[in-house]
Amino acid sequence: QVQLVESGGGLVQPGGSLRLSCAASGSILSIYAMAWYRQAPGKQRESVAAITSGGSTNYADSVKGRFTISRDNAKNTVYLQMNGLKPEDTAVYYCNAVLRLQVGGSPLNYWGQGTQVTVSS
(Lines give C-alpha, C1' and ligand atoms only; values in the text may rest on other atoms or scores of the structure.)
Protein backbone atom coordinates (compact mmCIF):
# COMPACT_ATOMS: atom_id res chain seq x y z
CA GLN A 1 0.00 0.00 0.00
CA VAL A 2 1.47 3.30 -1.11
CA GLN A 3 0.83 6.46 0.85
CA LEU A 4 1.73 10.08 0.23
CA VAL A 5 1.64 12.10 3.43
CA GLU A 6 1.83 15.89 3.26
CA SER A 7 2.72 18.29 6.05
CA GLY A 8 3.62 21.94 6.55
CA GLY A 9 0.45 23.79 5.63
CA GLY A 10 -1.06 26.51 7.76
CA LEU A 11 -1.99 30.16 8.09
CA VAL A 12 0.55 32.79 7.08
CA GLN A 13 0.46 36.53 6.46
CA PRO A 14 1.00 37.96 2.98
CA GLY A 15 4.70 38.04 2.18
CA GLY A 16 5.40 35.14 4.51
CA SER A 17 6.85 31.70 3.86
CA LEU A 18 5.87 28.09 4.30
CA ARG A 19 7.57 24.81 3.47
CA LEU A 20 5.47 21.82 2.45
CA SER A 21 6.74 18.27 2.64
CA CYS A 22 5.39 15.07 1.11
CA ALA A 23 6.77 11.65 1.97
CA ALA A 24 5.95 8.58 -0.09
CA SER A 25 5.93 5.25 1.72
CA GLY A 26 5.15 1.65 0.87
CA SER A 27 6.53 -0.97 -1.48
CA ILE A 28 7.87 1.42 -4.10
CA LEU A 29 10.35 0.30 -6.73
CA SER A 30 11.05 3.72 -8.18
CA ILE A 31 9.56 7.21 -8.38
CA TYR A 32 9.59 9.17 -11.60
CA ALA A 33 8.16 12.62 -11.22
CA MET A 34 6.82 14.23 -8.08
CA ALA A 35 4.70 17.35 -8.14
CA TRP A 36 2.55 19.78 -6.22
CA TYR A 37 -0.92 20.81 -7.30
CA ARG A 38 -3.39 23.15 -5.65
CA GLN A 39 -7.10 23.72 -5.66
CA ALA A 40 -8.75 26.90 -4.48
CA PRO A 41 -12.47 27.02 -3.59
CA GLY A 42 -14.61 27.03 -6.73
CA LYS A 43 -11.63 26.47 -9.00
CA GLN A 44 -10.10 23.53 -10.81
CA ARG A 45 -7.00 21.80 -9.51
CA GLU A 46 -3.90 23.27 -11.11
CA SER A 47 -0.27 22.29 -11.37
CA VAL A 48 2.11 24.34 -9.23
CA ALA A 49 5.50 22.70 -9.65
CA ALA A 50 7.02 19.40 -10.70
CA ILE A 51 10.39 17.69 -10.45
CA THR A 52 11.76 14.60 -12.18
CA SER A 53 13.98 11.95 -10.63
CA GLY A 54 16.90 13.66 -12.33
CA GLY A 55 16.09 17.01 -10.79
CA SER A 56 14.55 18.85 -13.72
CA THR A 57 11.88 21.28 -12.54
CA ASN A 58 8.87 23.03 -13.97
CA TYR A 59 6.76 25.80 -12.43
CA ALA A 60 3.48 27.52 -13.06
CA ASP A 61 3.99 31.09 -14.22
CA SER A 62 2.12 32.37 -11.17
CA VAL A 63 4.71 30.97 -8.74
CA LYS A 64 7.98 31.33 -10.68
CA GLY A 65 10.58 33.14 -8.64
CA ARG A 66 8.66 32.62 -5.40
CA PHE A 67 8.31 28.83 -5.01
CA THR A 68 11.05 26.20 -5.14
CA ILE A 69 10.47 22.47 -5.52
CA SER A 70 13.10 19.97 -4.42
CA ARG A 71 13.29 16.29 -3.58
CA ASP A 72 15.29 13.84 -1.53
CA ASN A 73 15.33 10.62 -3.53
CA ALA A 74 16.77 8.61 -0.65
CA LYS A 75 13.78 9.58 1.50
CA ASN A 76 11.17 9.51 -1.29
CA THR A 77 10.25 13.01 -0.21
CA VAL A 78 9.40 16.15 -2.15
CA TYR A 79 9.39 19.68 -0.75
CA LEU A 80 7.83 22.96 -1.78
CA GLN A 81 9.42 26.09 -0.37
CA MET A 82 6.95 28.94 -0.74
CA ASN A 83 8.19 32.50 -0.28
CA GLY A 84 6.47 35.80 -0.90
CA LEU A 85 3.07 34.24 -0.36
CA LYS A 86 0.02 36.09 -1.67
CA PRO A 87 -3.67 35.76 -0.76
CA GLU A 88 -4.25 34.19 -4.18
CA ASP A 89 -1.97 31.32 -3.16
CA THR A 90 -4.64 30.22 -0.69
CA ALA A 91 -5.69 26.68 -1.59
CA VAL A 92 -5.47 23.04 -0.63
CA TYR A 93 -2.10 21.79 -1.83
CA TYR A 94 -1.84 18.19 -3.05
CA CYS A 95 1.24 16.07 -3.54
CA ASN A 96 1.42 13.84 -6.61
CA ALA A 97 3.83 11.06 -7.51
CA VAL A 98 4.25 8.89 -10.59
CA LEU A 99 5.88 5.68 -9.47
CA ARG A 100 6.48 2.06 -10.24
CA LEU A 101 5.74 -0.73 -7.78
CA GLN A 102 7.44 -3.65 -9.52
CA VAL A 103 9.80 -4.51 -12.34
CA GLY A 104 7.88 -4.43 -15.61
CA GLY A 105 4.91 -2.74 -13.99
CA SER A 106 3.23 0.32 -15.45
CA PRO A 107 3.81 3.75 -13.92
CA LEU A 108 1.04 4.57 -11.45
CA ASN A 109 -0.29 7.93 -10.30
CA TYR A 110 -0.78 8.58 -6.57
CA TRP A 111 -2.14 11.57 -4.65
CA GLY A 112 -1.79 12.78 -1.09
CA GLN A 113 -4.72 13.86 1.04
CA GLY A 114 -3.97 17.56 0.73
CA THR A 115 -2.85 20.27 3.14
CA GLN A 116 -4.48 23.67 3.57
CA VAL A 117 -2.48 26.82 2.93
CA THR A 118 -4.16 30.08 3.88
CA VAL A 119 -2.56 33.45 3.20
CA SER A 120 -4.34 36.21 5.05
CA SER A 121 -3.68 39.19 7.28
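See the structure shown above.
Residues numbered from 1 in each chain as written. Predicted model: local features only at pLDDT ≥ 70, side-chain atom pairs only at ≥ 80, totals over all residues. Heavy atoms only, no water.

A. Up close: the pairing of strand 3 (residues 18-25). Pairing geometry for strand 1 (residues 3-7) and strand 3, over 5 bridges, is antiparallel. Bridge pairing in strand 3 places Val5 opposite Ala23. Relative to strand 8 (residues 77-82), strand 3 runs antiparallel, the two sharing 6 bridges. Bridged to Ser21 within strand 8 is Tyr79. (Pairing = 2+ DSSP bridges. Helix = DSSP H or I, 4+ residues; strand = E, 2+ residues; numbered from the N terminus.)

B. Representation of the state of the cysteines within the structure. Counting across every chain of the model gives 1 disulfide. The residue that forms a disulfide with Cys22 is Cys95, at a sulfur-sulfur distance of 2.1 Å. Torsion about the S-S bond of the Cys22 and Cys95 cystine: about -80°, corresponding to left-handed handedness. Here Cys95 lies in strand 9 (residues 91-100) and Cys22 lies in strand 3, a separation of 73 residues in the sequence. The buried category is assigned to Cys22, whose relative accessible area is 0%. (Disulfide = S-S within 2.5 Å. Buried < 20%, exposed > 50% of the residue type's maximum accessible area, 1.4 Å probe, protein only.)

C. Summary view of the sheet that holds strand 1. Ordered in space as 1-3-8-7, the 4 strands form an open sheet in which the pairing is antiparallel. Single-partner strands in this sheet number two, and they are strand 1 and strand 7 (67-72). Between one strand axis and the next, the sheet turns by 15° as a mean value, whatever way the strands run. (Axes fitted to C-alpha atoms, helices over the stretch in contact; angles between N-to-C directions.)

D. Expanded view of unusual backbone geometry. Of note, the phi angle at Asn76 is positive, near 50°, even though the residue is not glycine. Its place among the elements puts Asn76 in the loop between strand 7 and strand 8. Looking at Asn76, the relative accessible area reads 25%, which means it is partly exposed.

E. Broad picture of the side chain of Glu6. Mapped onto the elements of the fold, Glu6 is located in strand 1. In this structure, Glu6 is buried with no salt-bridge partner, the nearest side chain bearing the opposite charge being Arg45 at 7.7 Å. At 3.0 Å, the side chain of Glu6 forms a polar contact with the backbone nitrogen of Gln113. In terms of polar contacts, Glu6 uses its side chain to reach the backbone amide nitrogen of Gly114, at 2.6 Å. Those residues within four positions of Glu6 in sequence are excluded, and the remaining contacts are Ser21, Cys22, Trp36, Tyr93, Tyr94, Cys95, Gly112, Gln113, Gly114 and Thr115. (Lys, Arg positive; Asp, Glu negative; His and termini not counted. Salt bridge = Lys/Arg side-chain N within 4 Å of Asp/Glu carboxyl O. Polar contact = N/O pair within 3.5 Å; in protein donor to acceptor, adjacent residues only side chain to side chain. Contact = heavy atoms within 4.5 Å.)

F. Broad picture of the packing of aromatic side chains. Applying the stated criterion across every chain yields a total of 1 aromatic pair. A centroid spacing of 4.9 Å and a plane angle of 65° characterise the contact between Tyr37 and Trp111, whose relative ring orientation is edge-to-face. Of this pair, Tyr37 sits in strand 4 (residues 30-39) while Trp111 sits in strand 10 (residues 108-111), and the two are 74 residues apart along the sequence. Over the ring of Tyr94 we find Arg45, and its NZ or CZ is 3.7 Å from the ring centre. Between Arg45 and the ring centre of Trp111, over which it is positioned, the NZ or CZ distance is 4.7 Å. (Phe/Tyr/Trp six-rings, centres within 6.5 Å; stacked < 30°, edge-to-face > 60°. Lys NZ or Arg CZ within 6 Å of the ring centre and 35° of its normal.)

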